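Working through the structure, step by step
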Amino acid sequence: MTSHEKRQYLFDNPRNTGLLVRGLLLVCAILVALDILLHRHVSHPWENLFGFYALFGFVACVLLVLLAKEMRKLVMRDADYYDELPGAHVRERTEQAEGGDRGRDRV
Amino acid sequence: MCELSPVLPLYLGALLAAFLRGRPRALVMLGAPLLGALGLAALEPGTATSATLFGLGLAPVRVDGLSLLFALLFHLAAFIGVIYALHVKDPLQDVAALAYAGSAVGAVFAGDLLTLFVYWELLAVTSAILVFARRTERARGAGMRYLTIQVGSGVLLLAGAMVHADGGQGLRFEHIGLGAPGGWLIFLAFGIKSAFPLLHNWLTDAYPESTPTGTVFLSAFTTKVAIYALARGFAGTEALIYIGALMTCFPIFFAVIENDLRRVLAYSLINQLGFMVVGIGIGTELALNGAVAHAFNDVLFKGLLLMSMGAVLHVTGEMRGSELGGLYKRMPKTAILCMVGAASISAFPLFSGFVSKSMVLSAVVTEGYQGVWLALLFASAGVFHHAGIKIPFFAFFAHDSRFVATAHEPPINMLVAMAIAAVLCVAIGSYPTALYAMLPWQMNYSPYDVSHVITQLQLLAFSALAFTWLKLSGIYPPELRSVNLDAEWIYRRLLPDGIQRLCAWTAPMVAQVRTKAEITLSHGIHALARHHGEHGILARNWPTGSMVIWVAALLAFSLVLYYV
């Protein structure tokens, strides 16, 4: 148990996280560079744009997250929103009363 | 046996599983899908059994390439699911799971709408049991809503089938189209089970409430039967292209902000169904093959993702992203298997999603639906974002949760099931020819060319970059304990609230009417009592003597009459 707690895991070291991020940046750079070297075949006019897919992927995801974040203001409710059904308080009171009755029965 | 009915091995297995316990039951559970799959080899494509009911021709079993492919897929899914659930000692779930798989197989072999309806409803009932089997108050509520909607879909199908037959089209289940009599009803029935927008919430409501093992079965069958039915009945229906495009896009927004990780996957399932629906809507051979192949792959990679989340739920008892994290330290094998599923759903080259999703995208752009193509591209980036990164990141990485101290790898059978799915994901992705050879339509397509691989990698790498940037800069919305309103709000909140308000509003009037009615009634009762009551004139006891006098009087009267 204690050996587990003391053990350093891969991402406990911030250096490794940094390496991962730098690795991703490098991969991105290489992929965009390939856009210059290779001639892609094109079926949609926008594909002619340099780095279209890279740009599209990045912008799409940022837009997705920003819009979803805004959407939270509109649709987010407490975790028990649906649990507090209409009339739940009434039912709760009845159940309490019934519980009380049962209690009396036992006495 | 299998020539008579390919569902028999699974149904008999379910029956036996109800009476057996322990090792014999495990053997039956494993044997049934294997035996069923072997039986498929004996089926001859192009054959059908026939029967007649009230003069209408039925075909309880119709065998062709499309139904065989789906039947094989369902046996495979059942086999993996059974291995995944071997540690569960709950006969109810075992019986329901096999019967559910059997119903799915029966549905894809149904050659007429009536047989399809029977299996359609059996799917509803058997799958609902897997939701109820969680045995929580939430699961009970979600299960009831699920069952209502699923049975409703069956009722629509039956109504559509009757109108269809009444219109002189017979009951044979071939291409229907929206213009056919009853076409819209059947379309809607299929649409509910395929989780069309606004009809989709049964899926995101019920699937995440099922047991860790139940959800794996649920994700495999119902929606894929619906995709099969759409491909058979409504291929080339243009409306499906736009419906499908909407299905790929809107759920990813919910998936980004959803906290329950299995619900994130439920939204992602709708997104994947969207790609299939678009393919069916396009209706060319490439597009239909793409839809069917993507259904095949989705069962495997979505199953794998749900299995990995089920393993986390099994070990920690927790599924909320806000409470999980850091589990790679204790569940490294599960984490790796989860990431294989994530790579497959994100359509990384060499993983299964890549070889099937690209068929749909190619078909869309070839047919000139440029706007839809952009929507699908957006959805593809979004899939990677919410299913490919979010699921593994928040469960296994992010911050260290309280479960890091106690978590451990799940039971070996769970790992084996996940490993089988993972191997299949990589195998199909790396060697798609085997899957392509099984596809029902002729085509000439190769997913691996330089342009395609490079563009897909660019899309994915920059999506990952966007996630990294948003996360590091703190813009990314944190996981919060919350519920997000969706179309289900209408029947979970608006209608119940509305009915309650209506009751409250009409209560004084109802009370007034009741009081008036009571007064009128009591007046009536009083009047009755006055005549018939205890002292009422009509209820008085008459002495015998008075009767004799009256008889005497009557006799005297008749005597008088006689003389007159």
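Residues numbered from 1 in each chain as written. Chains lettered and ligands numbered in written order. Predicted model: local features only at pLDDT ≥ 70, side-chain atom pairs only at ≥ 80, totals over all residues.

We now examine the overall build of chain A. When you go through chain A residue by residue, the secondary structure sums to four helices and one strand. Along the chain direction, N to C, the helices and strands of chain A fall in the order α-α-α-β-α. Out of the 107 residues belonging to chain A, those deemed buried represent 12%. (Helix = DSSP H or I, 4+ residues; strand = E, 2+ residues; numbered from the N terminus. Buried ≥ 20, exposed ≤ 12 C-beta atoms within 10 Å, placed from the backbone.)

Right, let's get into the overall build of chain B. Summing up its helical and strand segments, chain B has 20 helices and three strands in all. A globule of 564 residues ought to have a C-alpha radius of gyration of about 24 Å, yet chain B, at 31 Å, is considerably larger. Taken along the three principal axes of its C-alpha coordinates, chain B extends 130 × 60 × 55 Å. Across the 564 residues that make up chain B, the buried fraction comes to 55%. Across chain B, the fraction of contacts at a sequence separation of at least 24, relative to all contacts at a separation of at least 6, is 79%. (Rg over C-alpha atoms; globule rule 2.2 N^0.38 Å. Contact = placed C-beta atoms within 7 Å.)

All names here are of chain B. The domain boundaries assigned to chain B delineate domain 1 (1-234) and domain 2 (251-482). Contacts between the two partners involve 29 residues from domain 1 and, on the opposite side, 33 residues from domain 2. Among the elements that line the side of domain 1 that touches domain 2, the one with the most residues is helix α9 (residues 214-233), at nine residues. (Domains from an automatic or database assignment.)

Let's shift gears to the interface of chain A and chain B. Contacts between the two partners involve 38 residues from chain A, matched on the other side by 43 residues from chain B. Elements with a contribution of two residues or more to the side of chain A that touches chain B: α2 (14-37), α3 (52-75) and β1 (76-77) of chain A. Of the residues forming the side of chain A that touches chain B, the biggest block, 16 residues, is contributed by α3(A). Grouping the amino acids of the side of chain A that touches chain B by side-chain chemistry returns 28 nonpolar, five polar and five charged. Two elements, β1(A) and strand β3 (residues 483-484) of chain B, share two bridges in a ladder whose sense is antiparallel. Bridge pairing in β3(B) places R77(A) opposite V483(B). (Nonpolar A, V, L, I, M, F, W, Y, C, P; charged D, E, K, R; others polar. Pairing = 2+ DSSP bridges.)

Our focus in this paragraph is the confidence of the model for chain B. All names here are of chain B. Looking at chain B as a whole, the pLDDT averages 93, with 99% of positions reaching at least 70. Of all the helices and strands in chain B, strand β1 (residues 51-53) carries the lowest mean pLDDT, 84, while helix α16 (residues 412-430) carries the highest, 97. Scored as a complex, the prediction yields pTM 0.88 and ipTM 0.84. (pLDDT = per-residue confidence, 0-100.)

This paragraph deals with the nonpolar core. Residues and elements named next belong to chain B. Of all hydrophobic cores here, the largest spans 215 residues; its most connected members are L98, L304, L305, L327 and L376. Counting residues per element, this core draws most heavily on helix α12 (residues 285-316), at 20 residues. Mapped onto the domain boundaries, this core takes at least three residues apiece from domain 1 (1-234) and domain 2 (251-482). With residues near it in sequence (within four places) discarded, L376 still touches A245, T248, F275, V278, L361 and V364. (Core = buried A, V, L, I, M, F, W, Y, C linked by C-beta atoms within 7 Å.)

Before going further, it helps to examine the packing of α12(B) against α16(B). Residues and elements named next belong to chain B. Taken N-terminus to C-terminus, the directions of α12 and α16 make an angle of 150°; their axes are 9 Å apart at the nearest point. If you check the angle between α12 and α16, you find them roughly antiparallel. When the axes of α12 and α16 are compared, the crossing they make is left-handed. Residues N297, L300, F301, G303, L304, M307, S308 and A311 of α12 lie in contact with α16, whose contacting residues are M414, A417, M418, A421, A422, L424, C425 and I428. Across the contact of α12 with α16, the residue classes break down as 13 nonpolar, three polar and no charged. (Axes fitted to C-alpha atoms, helices over the stretch in contact; angles between N-to-C directions. Parallel < 35°, antiparallel > 145°, perpendicular 65-115°, else oblique. Left-handed = near helix turned anticlockwise from the far one by under 90°.)

A separate point is unusual backbone geometry. All names here are of chain B. One non-glycine residue with positive phi stands out, namely R135, at about 60°. Tracing the backbone through its elements, the reader meets R135 in the loop between α5 (113-132) and α6 (137-169). Classification of R135 by C-beta neighbours within 10 Å gives exposed; the count is 10. Look at A347: it is not a glycine, yet its phi comes out positive at around 65°. With respect to the helices, strands and loops of the structure, A347 is situated in the loop between α13 (332-345) and α14 (352-366). Using a count of 28 C-beta atoms within 10 Å as the deciding quantity, one classes A347 as buried.

Turning to its location among the elements, R140(B) is positioned in helix α6. Taking the C-alpha atoms as reference, R140(B) lies 9.8 Å from I129(B); in sequence the two are eleven residues apart.

So, about the environment of P447(B). Residue and element names in this part refer to chain B. Residue position: P447 is located in the loop between α17 (433-438) and α18 (450-472). Along the sequence, P447 and V256 sit 191 residues apart, while their C-alpha atoms lie 29 Å from each other. When residues no more than four places from it in sequence are discounted, the contact partners of P447 are F354, V355, S358, P432 and H452.

This paragraph deals with the confidence of the model for chain A. All names here are of chain A. Mean pLDDT over chain A: 76, with 72% of residues reaching 70 or higher. Per-element confidence in chain A is highest for α3, whose mean pLDDT is 93, and lowest for helix α4 (residues 88-106), whose mean pLDDT is 43. Contacts for the low-pLDDT stretch residues 89-107, under 50 throughout, to residues beyond four places or in other chains number zero contacts.

Right, let's get into helix α4 (residues 91-109) of chain B. The end-to-end C-alpha distance of α4(B), which contains 19 residues, comes to 27 Å, matching closely the 27 Å that a straight helix rising 1.5 Å per residue would cover. Of all 19 residues in α4(B), 17 are buried; the element is thus mostly enclosed. (Expected span 1.5 Å × (residues − 1).)

This part is about the packing of helix α15 (residues 370-396) of chain B against α18(B). All names here are of chain B. Packing of α15 against α18 brings their axes to within 9 Å, and their N-to-C directions diverge by 55°. When the axes of α15 and α18 are compared, the pair comes out oblique. α18 is crossed by α15, and the crossing has right-handed handedness. On the side of α15, the interface is formed by S380, A381, F384, H385 and I389, while α18 contributes L459, L460, S463, A464 and F467. Split into classes, the residues belonging to the contact of α15 with α18 amount to seven nonpolar, three polar and no charged.

A rise of 1.5 Å per residue sets the reference length of helix α3 (residues 65-84) of chain B, with its 20 residues, at 28 Å; its end C-alpha atoms lie 29 Å apart and thus fit the reference within 8%. Within α3(B), 17 of the 20 residues are buried, which leaves the element mostly enclosed by the surrounding structure.

On to the environment of G310(B), then. Residue and element names in this part refer to chain B. Within the secondary structure layout, G310 lies in helix α12. Sequence spacing of G310 and P208 is 102 residues, and the spatial spacing of their C-alpha atoms is 9.9 Å. In this structure G310 touches P212, T213, T215 and V216, once residues within four positions along its chain are discounted.

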